[in-house]
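Take a look at the letters that make up each chain.
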Amino acid sequence: MWDTHMHTSFSGDSDAAPEAMIKKAMELGLDGICITDHLDLDYPDDPDLFLLDPDAYLPEIARLREKYRGRFPVYTGIELGLQAHLAEIHRDLVNTHDFDFVIGSSHVVHGADPYYPAYYEGRTEEEAYLEYFESIPENIRVFDEFDVYGHIDYVVRYGPNRNKFYSYSRYQDVIDEILRLLIRRGKGIEVNTAGLRYGLGHPNPTEEIIRRYHELGGEIITLGSDAHRPEQIAFGFDRIPDLLKSCGFRYFTVFHRRTPEFVKL
């Protein structure tokens, strides 16, 4: 199995050395990894927090890839924090740098990050969640040069009641719109096991959304722990094969040079 969503000290919220992540993944017996450090431009309150310098990041991951060549595959990715007004900047970035894998994610919604309590002030939790989901099609319509959309229901990790009152059916119309947009553009989703690590009892997105993506014709699904420390790598991966099979999948996907490769479960 491959863990293709993880962060290192090149991300503003991690202190992990890239080589430490590689060594831990090897120790766990994974078949390969992709490091996907954060770039969140125009981040509220602290605009420098999630800046990524490709001229430092890419050569270092390339050096480690070469060091472990023949022993363990290390791919180079990026997680872009999508906002509609950043579409041209993101387009230029992915077209001028060599990434194996690009995750597009929603971390900031109309100038606010749902990670912080201020996002939920002055409205119901349902209204806050709905705005989050409705912002995703806004992003996809102006920028689709990513490979998968990350943790589609990221918002439920941080809401006042987290996922206590949350369900796919409550937001079905907008979530189905998201999935159809992704499928029409040939894009995938991920199984992000950080939801399990956060104690939600489900990955991000939930099994219902993963199953619905498959029902609508989606085929591209990647695996990621969203690890920020070595001990978080492959968290909950023992559950993934049965989970994906129950949702109709027989394969998962690994991107190499932006090309999907399908691996049998």
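Analysis parameters
Residues numbered from 1 in each chain as written. Predicted model: local features only at pLDDT ≥ 70, side-chain atom pairs only at ≥ 80, totals over all residues. Heavy atoms only, no water. Buried < 20%, exposed > 50% of the residue type's maximum accessible area, 1.4 Å probe, protein only. Helix = DSSP H or I, 4+ residues; strand = E, 2+ residues; numbered from the N terminus. Pairing = 2+ DSSP bridges. Right-handed = clockwise from strand over helix to strand, strands pointing away. Salt bridge = Lys/Arg side-chain N within 4 Å of Asp/Glu carboxyl O.

### What about the pairing of strand β3 (residues 74–81)?
- The element β3 is extensively covered by neighbouring structure, given that eight of its eight residues are classed as buried.
- Of the two faces of β3, the one holding Val-74, Thr-76, Ile-78 and Leu-80 and the one holding Tyr-75, Gly-77, Glu-79 and Gly-81 are both buried throughout.
- Across seven bridges, strand β2 (residues 32–39) lies against β3 in parallel orientation. Bridging from a neighbouring strand, Thr-36 pairs with Gly-77 of β3.
- Chirality of the crossover, the property in question, places the unit of β2, helix α2 (residues 54–67) and β3 among those that are right-handed.

### So, unusual backbone geometry
- For the bond running from Asn-204 to Pro-205, omega is -5°, close enough to zero to count as cis.
- Tracing the chain through its elements places Pro-205 in the loop between α6 (194–197) and α7 (207–215).
- Phi is positive for Arg-258, close to 70°, though the residue is something other than glycine.
- Locating Arg-258 in the fold gives a position in the loop between β8 (251–256) and β9 (259–264).

### Considerations on the pattern of salt bridges
- All chains considered together, the criterion is met by 15 salt bridges.
- The partner of Lys-24 in a salt bridge is Glu-27, with the nearest N and O atoms 3.2 Å apart. Here Glu-27 and Lys-24 lie together in helix α1 (residues 18–27), a separation of three residues that amounts to about one turn.
- For the salt bridge of Asp-226 with Arg-157, the shortest nitrogen-to-oxygen distance reads 3.2 Å. Of the two residues, Asp-226 sits in the loop between β7 (221–224) and α8 (240–246) while Arg-157 sits in the loop between β5 (148–149) and α5 (172–184), which places them 69 residues apart along the sequence. You'll find Asp-226 and Arg-157 in the same group, each marked buried.

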